[in-house]
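# A closer look at the structure
Listed below are the residues making up each chain.
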Amino acid sequence: MKWLKSLLRIVALLVVLIAIGAGVGWYLLRGRPSWYDGVAADPAARQAAAVRAENELKRTIDWAASQQAEERAALYAARSSATTPATSAPTTGPTTRHSLTVTFSEQELNAAFEKWETAYDWRDAYGDYISNPRIVLHEGRLIVAGDVKDMGTLISLHFHPRVDEKGRLLLELERILGGRLPLPESAFDGYRGRLEQKVRASLPGLQGGAKFKPDGSANEKAVAACFAELLLHVLEREAAEPVLFLPANQGACVPVKLTDVAIDGKSIALTVQLMNAEERAALLKQIRKPFAGAAARGASSAAGADSRS
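For the structure given in this document, a descriptive report is provided here.

This next bit is on the sheet that holds strand β1 (residues 99-105). Reading across from one edge, β1-β9-β8-β7 is the order of the 4 strands in this open sheet, with antiparallel pairing throughout. Since the sheet does not close on itself, it has two edges, and those belong to β1 and β7 (243-247), each with one partner. The average undirected angle you get between the axes of adjacent strands in this sheet is 40 degrees. Bridging between strand β8 (residues 253-264) and strand β9 (residues 267-274) involves 8 bridges; their strand directions are antiparallel. Residue V261 lies in a different strand from β9, and its bridge partner there is L270. Packed on one face of the sheet, helix α7 (residues 220-235) meets β7 and β8 and runs near 145 degrees to β7.

Moving on, we get to the sheet that holds strand β5 (residues 169-178). Sheet strands line up and pair through hydrogen bonds in the backbone, either parallel or antiparallel. Read from one edge to the other, the open sheet built from 5 strands follows the order β2-β3-β4-β5-β6, with strand pairing classed as antiparallel. Only two strands of the sheet have a single partner each, and these edge strands are β2 (130-138) and β6 (181-183). Across this sheet, the average inter-strand angle for adjacent strands is 30 degrees, counted without regard to direction. Examined bridge by bridge, strand β3 (residues 141-148) and strand β4 (residues 153-163) share 7 bridges and lie antiparallel to one another. Each bridged residue has a counterpart across the sheet, and for D147 the counterpart in β4 is L154.

Turning to its location among the elements, E172 is positioned in strand β5. Of the residues examined, E172 reaches a relative accessible area of 29% and is grouped as partly exposed. C-alpha separation for the pair E172 and H160, spaced 12 residues apart in sequence, amounts to 5.1 Å. When neighbours within four sequence positions are excluded, E172 is seen to be in contact with H158, F159, H160 and R162.

This part is about the side chain of N110. Of note, N110 is situated in helix α4 (residues 106-119). By relative accessible area, N110 is classed as buried at 7%. Within polar-contact distance, the side chain of N110 engages the backbone oxygen of E106 at 2.9 Å.

Let us now look at the packing of aromatic side chains. The final tally for this structure, using the stated rule, is 2 aromatic pairs. Measuring from centroid to centroid gives 6.1 Å for W35 and Y36, while their planes differ by 80 degrees, and the two rings are edge-to-face. Taken as a pair, W35 and Y36 share a single burial class, namely buried. Look at F227 and F245: their rings are 6.0 Å apart centre to centre, the planes differ by 65 degrees, and that puts the pair in the edge-to-face class. With F227 in helix α7 and F245 in strand β7, this residue pair connects regions lying 18 residues apart in the sequence. Under the relative-accessibility criterion, F227 is labelled partly exposed at 37%.

This part takes up the pattern of salt bridges. Between side chains of opposite charge, a pair can form as their charged atoms come close. A full pass over the atoms with the stated rule returns 8 salt bridges. Here R141 ties to E174 by a salt bridge, and the two come within 2.4 Å at their closest N and O atoms. Pair noted here: R141 is in strand β3 and E174 is in strand β5, with a separation of 33 residues, a long-range link. Residue E174 is classed as partly exposed on the basis of its relative accessible area of 38%. Across the pair E185 and R237 runs a salt bridge whose closest N-O atoms are separated by 2.6 Å. Residue E185 is located in the loop between β6 and α6 (189-208), and its partner R237 is located in the loop between α7 and β7; the two are separated by 52 residues in the primary sequence. Among the charged side chains, a salt-bridge network with shared partners connects E196, R200 and E236.

Scoring rules and cut-offs
- Residues numbered from 1 in each chain as written.
- Predicted model: local features only at pLDDT ≥ 70, side-chain atom pairs only at ≥ 80, totals over all residues.
- Heavy atoms only, no water.
- Pairing = 2+ DSSP bridges.
- Helix = DSSP H or I, 4+ residues; strand = E, 2+ residues; numbered from the N terminus.
- Axes fitted to C-alpha atoms, helices over the stretch in contact; angles between N-to-C directions.
- Contact = heavy atoms within 4.5 Å.
- Buried < 20%, exposed > 50% of the residue type's maximum accessible area, 1.4 Å probe, protein only.
- Polar contact = N/O pair within 3.5 Å; in protein donor to acceptor, adjacent residues only side chain to side chain.
- Phe/Tyr/Trp six-rings, centres within 6.5 Å; stacked < 30°, edge-to-face > 60°.
- Salt bridge = Lys/Arg side-chain N within 4 Å of Asp/Glu carboxyl O.

This is the structure in C-alpha cells:
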C-alpha cells in the first residue's frame, strides 16, 4: 500500500498548492497597485490642478483661433486679388505650418476630468458600472483605471500611445490588471463586444451628418464620428488617423494632426499641427466612409474563402 500513501501525499500537496495559489490570486485581485495609491489629492490641490489644465487648454484655443484667422486671411487675399493668374494654384491655407506642444500632468488630467465629469454629467453614462475612474501616467504608459462594480475590484487598462512610422496613431493595449493580477483580454470580451456593437450602431448616423464649415471647423457629428472610429480601432488593436479636435473661438472645434506624443514621468506632451483645406477634405471623406476594421475585413475574407471552397 506504499503507492497509495505516496499518491495521497501527492494529492494533498497539490491541494495545498492550489489553495495557496487561489489565496495569492485573490489577494492580488483585491490589491491596489502602488502607482494607484498616489493618485488622490486634497480638494485644494485638485482645484489648482484643474485651473492649470484649463489654462493650458486656453492656450490651445488661442493657438487654434489664430491659425484659423491666418487661414481665413490667406483665403480672402487669394479670392480678392485681381492680379492672380487663372492658371495659378489657389491658396488654401497659411504658407507656414505651425505646430503646438501642450503638456498636461497626471494630476491636471484627473482634476480636469472630475470637473468636466460633473459639468457634462458623464457619470450618467458609466456610473452603473464603474466608480472612481482615474488616469495614471506610469513608466511611459497611459493607464485608465476604475473600480468595476460587478467584479468588485480595480481594473486597469495599460496603453502605450505613440505615432508610428507611417504617421498613424497607435493606442496599443499592453496589459490588463485586476488589482495587481494580470488578466487575459478574453475576460473582457463581453464588455468589448457590447461596446463595439453600440458604437457601430450609432456610427452611420454620425457619419451621414458629418460636415466641415468653410472656416475649417467641424460640427458635433464629425467630431463624434471621428472619436467613435478611433475607439473602434483601439478595440481592434489597429492604428487610427492621428486626429484630435481643439476648441477655438465661439465653441468651434478645429481638426489638428497629432504628430507626436510623449510620456515623461507624470506628464504627457502632445504635439499638434493644424490641417489645411486639402487635409480636411481627405479627413471628411475618411470619416464618411463605412467603417471596416480588422475584424470586419477578416470576417469578409473568411466568408469569401468559404464561398470559393
